[in-house]
Amino acid sequence: MPDRDQSERNAAVSNDSASLTLPKELLPAQAHRLAKPSREEAEEAVRTLLRWAGDDPDREGLVGTPDRVVRAYEEFFSGYDLDPTEILHRTFEETDGYDEMVLLRDIRLESHCEHHVVPIIGKAHVAYLPNRRVVGISKLARVVEIYARRLQIQEKLTAQIANTINDVLQPKGVAVVIEAAHQCMTTRGIHKPGVTMVTSRMLGAFRDDPATRREFMALIHNQHSGGLSNV
Ligand SMILES: Nc1nc2c(ncn2[C@@H]2O[C@H](COP(=O)(O)OP(=O)(O)OP(=O)(O)O)[C@@H](O)[C@H]2O)c(=O)[nH]1
Ligand SMILES: [Zn+2]
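Please read all numbers here as calculations on a predicted model, not as lab measurements. (Residues numbered from 1 in each chain as written. Chains lettered and ligands numbered in written order. Predicted model: local features only at pLDDT ≥ 70, side-chain atom pairs only at ≥ 80, totals over all residues. Heavy atoms only, no water.)

Points about the overall build of the protein chain
The helix and strand tally for the protein chain stands at 10 helices and 7 strands. Expressed as a percentage of contacts within the protein chain between residues at least 6 apart in sequence, the contacts between residues at least 24 apart total 68%. Approximately 13,900 Å² of the protein chain is accessible, and the part contributed by carbon and sulfur atoms is 50%. (Helix = DSSP H or I, 4+ residues; strand = E, 2+ residues; numbered from the N terminus. Contact = heavy atoms within 4.5 Å. Areas by Shrake-Rupley, 256 points an atom, 1.4 Å probe, with all protein chains shown as cover.)

See below:
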């Protein structure tokens, strides 16, 4: 972040997002940080929502709730402060020529829908075909987590995970499948529990070679550990 004092920052950022004038060199995440309201403002917004729900934010049981909700938001949306490309930079080359598919199956996914800010709960399956270098497998799950901890639609989440792995590792191919239940469809609105949304993004060999794609699909459905009934 450029070295700017608070008064300059205030001058550059007004509460009206239409009139934001942020320096061009800032990354989107940095621009978000500059425009971020104070913790007190965030807690006041929660109090307003509690009153909107019809309750009294000053009653005993709710006095601590704005603080708790703000802390929960910090956890749910911690992905804005993290750079998923950095996670993938540490790779290993001593693989004795391993060049088959690497698949991380059934990665628990917890995100929030950008339309209703309610949970999206499901699983991600992430595979890539190494090009000499491999990455620590936990890093694939970390990339999923960083993008999931932002407001999302499932299509964008799927594409962001695949594109990042592809751009940084430059493997022979990347495949990402996400299966998830959207609580905006299960607990409100159309109320359809049990409905799962499935999205996929295939790049490189997974897109061009039907056999590679079939192998991936067979692997993620083989011994598939049962359903999303617990979401
Ligand atoms: N494509 C896509 N749609 C989503 C996702 N998450 C939620 N939605 C949908 O986004 C849409 C928003 O529609 P709107 O009509 O603007 O909102 P709404 O009046 O609350 O709609 P209902 O949910 O039908 O009550 C809904 O159809 C949601 O089901 C997602 O990840 N991808
Ligand atoms: Zn929604």
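As for the UniProt feature "domain: GTP cyclohydrolase I" (unreviewed entry) in the protein chain
UniProt annotation of "domain: GTP cyclohydrolase I" (unreviewed entry) refers to residues 43-220 when read in the numbering used here. As a span, residues 43-220 carries 42% helix and 26% strand, and end to end its C-alpha atoms are 42 Å apart. (UniProt positions renumbered as here; feature names shortened; annotations may be inferred.)

Things to note about the sheet that holds strand β7 (residues 197-204)
Spatially, β5-β2-β3-β6-β7 is the arrangement adopted by the 5 strands of the open sheet, whose pairing is mixed. Of all the strands in the sheet, the pair left with one neighbour each is β5 (151-152) and β7. Seen against the sheet, helix α6 (residues 137-148) touches β2 (102-113), β3 (119-129) and β5 and runs at an angle of roughly 20° to β2. Of the strands in this sheet, β2, β3, β6 (173-182) and β7 are in contact with helix α10 (residues 210-221), which crosses β2 at around 70°. (Pairing = 2+ DSSP bridges. Axes fitted to C-alpha atoms, helices over the stretch in contact; angles between N-to-C directions.)

Notes on the coordination of the zinc ion (ligand 2)
Every protein donor of the zinc ion (ligand 2) is listed here as C113 (SG), H116 (ND1) and C184 (SG), and their distances to the metal cover 2.0 to 2.4 Å. One chain supplies every donor for the zinc ion (ligand 2), spaced along it as C-x2-H-x67-C. Taking relative accessible area as the criterion, C113 reaches 4% and is therefore assigned buried. Assessed through its relative accessible area of 35%, H116 is described here as partly exposed. (Donors = N, O, S within 2.8 Å, 3.2 Å for Na, K, Ca; no water. Buried < 20%, exposed > 50% of the residue type's maximum accessible area, 1.4 Å probe, protein only.)

Considerations on the domain arrangement of the protein chain
Quoted interface sizes are often the accessible area lost when the parts come together. In terms of domain boundaries, the protein chain breaks down into domain 1 (26-76) and domain 2 (91-221). Between domain 1 and domain 2, the C-alpha centre-to-centre distance is 30 Å. (Domains from an automatic or database assignment.)

Observations regarding the site of ligand 1
Every residue near ligand 1 is listed here: H115, H116, I153, Q154, E155, H182, C184, M185, R188, G189 and M197. Within the contact set of ligand 1, an oxygen atom lies 3.0 Å away from a side-chain nitrogen or oxygen of R188. For ligand 1, whose unbound accessible area comes to 630 Å², protein coverage reaches 52%. Listing elements by their share of the shell around ligand 1, those giving two or more residues are α7 (154-169) and α8 (183-186). Looking at the shell around ligand 1 residue by residue, the class counts come to 4 nonpolar, 5 polar and 2 charged. (Near = heavy atom within 4 Å. Polar contact = N/O pair within 3.5 Å; in protein donor to acceptor, adjacent residues only side chain to side chain. Nonpolar A, V, L, I, M, F, W, Y, C, P; charged D, E, K, R; others polar.)

A word on unusual backbone geometry
Within the chain, D96 stands out as a residue other than glycine whose phi angle is a positive 55°. Mapping D96 onto the fold places it in the loop between β1 (91-92) and β2. Although it is not a glycine, H191 sits at a positive phi angle of roughly 50°. Position of H191 among the secondary structure elements: in the loop between α8 and β7.

Some details on a nonpolar patch on the surface
A cluster of nonpolar residues, Y73, F76 and V117, forms a patch on the protein surface that exposes about 250 Å² of accessible area. Within the fold, F76 resides in helix α4 (residues 65-76). (Patch = residues over 30% accessible without salt bridge, like charges linked within 9 Å, V, L, I, M, F, W, Y side chains within 5 Å. Salt bridge = Lys/Arg side-chain N within 4 Å of Asp/Glu carboxyl O.)

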